[in-house]
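Report on the structure
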Amino acid sequence: DGNSALAEFRHPRRPQRTSSLSIIDNEMALVPSKLVAIQEKRCKKVSYAEISLLYPPHSTIYSFENGGLRAFVVTQRSGMEPISPNYWSPLVLRAKSVRHNGKRFVRQIHEFTIPQFSGEREISSLKYIPSGYLPDEFRQREALIARGRKYIVLAEGIHYMQMDRNNVSKHSGQALGSSQNR
């Protein structure tokens, strides 16, 4: 009726809880061309409002840690909720990777936080670089795969390496009794 419409006009209901990544609803409403450019890997720079579009679930991301490149698969993204006008909570990425714990390969879950930034940033210079934006990605990916295969070989038995006084390898191979020598 007219009274409830007037009451709603004077005192509009506020949502109880905003959805995660609500920044997209507010900031990206008029930017479909940017979304297409990101999906086609043609985009070079992004603003904070656009950054979550780089990390869809099941996508591969890369990061340089401890002097080496690591690869992760995004499993979930959250955050980017409004805190105050023009200020948003950080984007939180959950990602998985595989590592060797000394005995076997295990899946490891990571949580990466990307705080709000002003202006635009080069995608290839971000801390977490999405697949398609890593410089020389094909070569880098091949190096990661080769490194992973090396760990698989080392995990498949007992190996030894003899070193001389100058830490130079004299001989390396599998120990007697390993699966290849049976």
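Residues numbered from 1 in each chain as written. Predicted model: local features only at pLDDT ≥ 70, side-chain atom pairs only at ≥ 80, totals over all residues. Heavy atoms only, no water.

**A closer look at the overall build of the protein chain**
Along the backbone of the protein chain there are four helices and 11 strands. Taking the contacts inside the protein chain whose residues are at least 6 apart along the sequence as the reference set, 49% of them involve residues at least 24 apart. (Helix = DSSP H or I, 4+ residues; strand = E, 2+ residues; numbered from the N terminus. Contact = heavy atoms within 4.5 Å.)

**Observations regarding the pattern of salt bridges**
Applying the stated criterion across every chain, the model contains four salt bridges. The residue Arg 70 makes a salt bridge to Glu 65 at a minimum N-O spacing of 3.6 Å. Of the residues examined, Arg 70 reaches a relative accessible area of 23% and is grouped as partly exposed. Taking the relative accessible area as the measure of exposure, Glu 65 reaches 25% and is therefore partly exposed. (Salt bridge = Lys/Arg side-chain N within 4 Å of Asp/Glu carboxyl O. Buried < 20%, exposed > 50% of the residue type's maximum accessible area, 1.4 Å probe, protein only.)

**Description of the pairing of strand β3 (residues 68–79)**
Both strand β2 (residues 60–65) and β3 contribute to a ladder of six bridges, which runs antiparallel. Its bridge partner lying in β3, Glu 65 is registered against Gly 68. Between the antiparallel neighbours β2 and β3 lie two residues, among them Asn 66 with a positive phi of about 50°. As judged from the six bridges shared by β3 and strand β6 (residues 91–100), these two strands associate in the antiparallel manner. Looking across to β6, one finds that Gly 79 is bridged to Leu 91. (Pairing = 2+ DSSP bridges.)

**Thoughts on the sheet that holds strand β9 (residues 129–130)**
Read across the sheet, five strands follow the order β7-β6-β3-β2-β9 without closing on themselves; strand pairing throughout is antiparallel. Of all strands in the sheet, those bounded by a partner on one side alone are β7 (105–114) and β9.

**A look at the confidence of the model for the protein chain**
Looking at the protein chain, the pLDDT average stands at 76 and 65% of residues meet or exceed 70. Every residue in residues 1–12 scores below 50 in pLDDT, and together they form one contact with partners more than four places removed in sequence or on other chains. A low-confidence stretch, residues 14–19 (pLDDT under 50), is modelled with five contacts involving residues beyond four sequence positions or located in other chains. (pLDDT = per-residue confidence, 0-100.)

**Re unusual backbone geometry**
With a phi angle near 60°, Met 80 is a residue other than glycine that sits in the positive phi range. In this fold, Met 80 is placed in the loop between β3 and β4 (82–84). A positive phi angle, close to 55°, is found at Asp 136, a residue other than glycine. Relative to the elements of secondary structure, Asp 136 occurs in the loop between β9 and α4 (137–155). Given the relative accessible area of 46%, Asp 136 is considered partly exposed.

**Details of helix α3 (residues 32–39)**
Within the span of α3, buried status applies to Lys 34, Ala 37 and Ile 38. For α3, the arc enclosing every buried residue in end-on projection is 100°, short of the 170-degree limit, so these residues lie on one face. Residues of α3 that are exposed and angled more than 90 degrees away from the buried face: Pro 32, Ser 33 and Gln 39. Residues of α3 that are buried make contact with β1 (45–47) and β8 (120–122). A positive phi of about 60° marks Lys 41, the residue just after α3. (Arc of directions from axis to C-beta.)

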